[in-house]
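Structural features, examined
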Amino acid sequence: MTTATVAHDDHAHHGPPSGIKRWLFSTNHKDIGTMYLVFALIMLFLGGASAMVIRAELFMPGLQLVQPDLYNNLLTNHALIMIFGAVMPAAAGLANWMIPLMIGAPDMALPRMNNLSFWILPAAALMLILSFIVPFFPGGGSQINTGWTLYPPLSLQVGMSMDFLIFALHLLGISSVLASINIIVTIFNMRAPGLRMMQLPIFVWAWLVTAFLLVLVVPVLAAGITMLLFDRHFGTSFFIAAGGGDPVLFQHIFWFFGHPEVYILILPSLGVLASILPTFSRKPLFGHHSLIGAMIAIAALGMIVWAHHQYTVGMSLAAVQYFMLMTILISIPVGLIIFNYMMTMWRGAMTFETPMLFTVAIILMFSFGGLTGVMLAVVPADMQYHDSMFVVAHFHYVLLPGAVWGLFAGVFYWLPKWTGHMYDERLAKTFFWVHVVSFNITFFPQHFLGLAGMPRRIADYNIMFTEFNMISSVGAFFFGLSHLLFLYIIIKTVRGGEKAKARAWEHAEGLEWEVDSPPAHHTWTTPPKIKTA
Amino acid sequence: MLATKRSLPKYLLALGAAIAGLGGTAAAEEVQRWGVNFPPPVSTTAQEIYDIHMFTMGIATVLLVIIFAVVIYSLIVHRKSRGFKPDQQFHETWFGRWSWVFVPIMVLGVDLTIAGAAQRTLERVWVVPQDQPLVDVKVIGHQWYWEFVYLDHDVTIESRYTSPEEAGIHYLRDVDNRLVLPTNQRVRFLHTSSDVIHAFWVPELAVKKDAIPGYITETWVNIQQEGVFRGQCAELCGTWHARMPIVVEAVSQEEFDGWIEEQQEIRMAALAEAAEEREWDKDDLMARGQSLYNSRCAACHQEDGSGMPPAFPAIKGSPVATGPISEHIGIILNGVPGTAMAAWNSLNDLEIAALVTYQRNAWGNDTGDVVQPAEVKAER
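Calculation rules
Residues numbered from 1 in each chain as written. Chains lettered and ligands numbered in written order. Predicted model: local features only at pLDDT ≥ 70, side-chain atom pairs only at ≥ 80, totals over all residues. Pairing = 2+ DSSP bridges. Helix = DSSP H or I, 4+ residues; strand = E, 2+ residues; numbered from the N terminus. Axes fitted to C-alpha atoms, helices over the stretch in contact; angles between N-to-C directions. Core = buried A, V, L, I, M, F, W, Y, C linked by C-beta atoms within 7 Å. Buried ≥ 20, exposed ≤ 12 C-beta atoms within 10 Å, placed from the backbone. Contact = placed C-beta atoms within 7 Å. Domains from an automatic or database assignment. UniProt positions renumbered as here; feature names shortened; annotations may be inferred. Parallel < 35°, antiparallel > 145°, perpendicular 65-115°, else oblique. Left-handed = near helix turned anticlockwise from the far one by under 90°. Nonpolar A, V, L, I, M, F, W, Y, C, P; charged D, E, K, R; others polar.

All names here are of chain B. Pairing is mixed across the open sheet formed by five strands, whose spatial order is 3-2-1-5-8. Each end of this open sheet is capped by a strand with a single partner; those strands are strand 3 (155-159) and strand 8 (217-222). Averaged over all pairs of adjacent strands, the angle between strand axes in this sheet comes to 25°, irrespective of strand direction.

Laid out in structure tokens, this is it:
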């Protein structure tokens, strides 16, 4: 055997290093993508456990399980873990896995930074979890009881756990910004020769828009929480009225990040649907260009409507008129996306595998959440909805279908590609139905609770709200349990199952289906030939 | 932290009653159960807000029905199992080429309809009319009670949640002192806060506004109907956020005037009593101190003085309650900055003297100290 042959073979047989080194030092987009997804799954269960305690406490009036401070701590960590621990890393995992495959690139543009942006996450998660549990150690101070919005002056009263939280958010922000820069650079520079921007799959476009949003708004959050830290420890008065500061300033800074954050959570998932719909409708995507335009429009509008989260702080008439109109106008690009997706189904030849079932459910339920969003935008009516359970119902109708289900759909759609095995379709359909039905049982009654006058974020409530809370809690327990089935399906698929073809779905289009299932450790070392349309 | 001692059997009873209530036996005074929409509006602006809510919800419902109808039709007809042949050119028809223009125009039409209708209501709700005299009520949020100052009448009411025994079916929506307001009269609320952000919300009046330290925000109502209307604090304000109810009692102008007069007399009597220059005996101070403590302090420091550490320290056996008297008075008068402990300097000298005496002698804090109003006066 000559050295020349070895050198030549080196490429084909260059597999991953074995053991812990493969993961710790990985610069491979597939391995890092897998780690992101596994991390997100763990956090999903942590955040879900908090939600189960919250719903158990609200099952009936009175304080049965937890004291109010622990309740407030749980609702804060439910939100932060789900947003920063589960949804954002899961979307980043999909991006890592799929963007290089979809654009014909051998890897992400900045592989070592890719490693860094993932490995910051476990440290950040540890910090985040510590912030919720330090109060249980002697001398640990009081619990975080502010909700994820961290409004001062309440957040100035909290003990050292708030400082843990501030640093955890800084780390999470650094991780997101690094990952976003990597994604932007990859999409701009690593496309296969001849693959034009307007030909890119919508999922890639959705992530490009998301990455820009992240780079623009995460530093704003970092600034806000740093000011909070200074107010807490270094004698500044950014948000302290008695020192000439302004408590509402924090809300403006927070929501300047917080509202685009909603689209950061939703856009990647909406992008996934654009891959799934043509496959199972067996016809091309409807309105490829207008989807790209709509996503850019959502990002642009999303950055200038933040104060609709604070209609009750006493803004001027002119200010609330502006925010009301701009917020309502977001229905135009969102409506166009929903319309294009419906028209992709229209006159297709549909089959209903699990990814498609989720997609159809998303179109219906996300529209519902979007329409209650239009109601919330109407300032005078928001005087009633604001900070009530109606808002809780609204954003769960937006974020579960809009963000989480899109990720589930993507996982089922690409799981055969990642593992080389088909998942168990019967179990997956069972999961879908239990999940979606119990979701509606959980959150639909919360609209009624809010309209009838139940505020959000209360651990104990008057007996007039008993019935719908009971229904909601029962739904929530089934909803929570259904995720164990999800976990089982994934483990089962990873361990074995029917062999998946390179093109796992009969009508699937896109470069990711041109490589084997599972793909080799390195793919597209020779860029694919792009046929020009 | 897990498992509270409090009230479980009582709640089970309430729950039993609740379930029995579903059978149809209505008590004399019943809460609205199974409520699915706003409670009936009782003010002019609340009625308009109710109307715009129903209007927007109507449009949203129509749109939702259209989306569901199109999707369900497509799900039934355009499926492979029925042998439907996919239309590969659909996105290239004139409909496919131009829908990006006409869909946004149609949505814009709906948007402007909603915004236009909302605009008219918004102006009336947002701008406080100045052409007639207003009853001004300053609403001050505290952790965790409301203070209402009738600015035109020099009357101040503190409004606290009541225990399950007193409140009955209205628990968490019942208070000791109600906010009494006249009907058919414009009332302006001026909201502010002494500590963290709270929000004043009474659904029947459709009023919700944040009470923010350093800010004065305003809302107004014109209540059309006499009655009792209940609401709650709507902005997370810490531990006992759920225990900040608001109860509005709307009465006729004559009744309101009579009530104001009564409140002024009560206030004068209390001032006169505190100004009496005499030595108060320990038993009297202890009795007054206990009732004040249980209403003002026990939410955080607990009735047995054990507190809820670390957020709310114990008073039982604390170095403050057993140390120098002047420091003890100082903390009550000035609060502790950076914590939930507020400055209680709105209490009069007699009240603070009673509180300090009680805290220094209750629960085994047997200092034997008897603090007189004059000592408090000296510390102010």
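Next, the rest of the story.
Attention now goes to the nonpolar core. As a rule of thumb, nonpolar side chains are buried together in soluble globular proteins. In this structure, Val87 and Val204 of chain A together with Leu205 of chain B are the most contacted members of the largest nonpolar core, which totals 252 residues. Not counting residues within four places of it along the chain, the set of residues in contact with Leu205 of chain B comprises Val42, Ser43, Ala46, Val221, Ile223, Phe229 and Val248 of chain B. Listed in part, the 14 residues of the second largest apolar core include Ile329, Ile332, Leu355 and Val356 of chain B.

Looking now at the domain arrangement of chain B. Entries for chain B in the domain assignment read domain 1 (44-79 + 90-126), domain 2 (135-271) and domain 3 (277-379). Measuring from the centre of the C-alpha atoms in domain 1 of chain B to the corresponding centre in domain 3 of chain B gives 59 Å.

A few words on the pairing of strand 4 (residues 179-182) of chain B. All names here are of chain B. Neither face of strand 4 is left uncovered, since the one carrying Leu179 and Leu181 and the one carrying Val180 and Pro182 both have all their residues buried. Looking at chain direction, strand 4 and strand 10 (residues 245-251) are connected through four bridges and run parallel. Its bridge partner being in strand 10, Leu179 is matched across the sheet by Val248.

In this structure's numbering, the residues bearing the UniProt feature "domain: Cytochrome oxidase subunit II copper A binding" (unreviewed entry) are residues 132-262 of chain B. Helix makes up 11% of residues 132-262 of chain B and strand 46%, whereas the separation of the span's terminal C-alpha atoms amounts to 26 Å.

What follows covers the packing of helix 4 (residues 68-103) of chain A against helix 7 (residues 161-189) of chain A. Working note: a packed helix pair is described by the angle between its axes plus the distance between those axes. Residue and element names in this part refer to chain A. Two numbers describe how helix 4 lies on helix 7: the axes approach to 11 Å, and their chain directions differ by 20°. The angle between helix 4 and helix 7 places the two elements in the roughly parallel class. Every pair of crossing elements has a handedness; the one defined by helix 4 and helix 7 is left-handed. From helix 4, Phe84, Met88, Ala92, Ala95, Ile99, Pro100 and Ile103 reach across to helix 7, where they touch Leu172, Ser176, Ala179, Ile183, Thr186 and Ile187. Looking at the contact of helix 4 with helix 7 residue by residue, the classes come out as eleven nonpolar, two polar and no charged.

Turning next to the domain arrangement of chain A. Residue and element names in this part refer to chain A. Here chain A is partitioned into domain 1 (29-200), domain 2 (203-281 + 283-310) and domain 3 (349-521). The gap between the C-alpha centroids of domain 1 and domain 2 is 15 Å. Residue-level contacts link 32 residues of domain 1 with 27 residues of domain 2. Elements that contribute at least two residues to the side of domain 1 that touches domain 2 include exactly helix 4, helix 6 (154-157) and helix 7. Ranked by residues supplied to the side of domain 1 that touches domain 2, first place goes to helix 7 with 13 residues. Within the side of domain 1 that touches domain 2, the residues separate by chemical class into 25 nonpolar, six polar and one charged.

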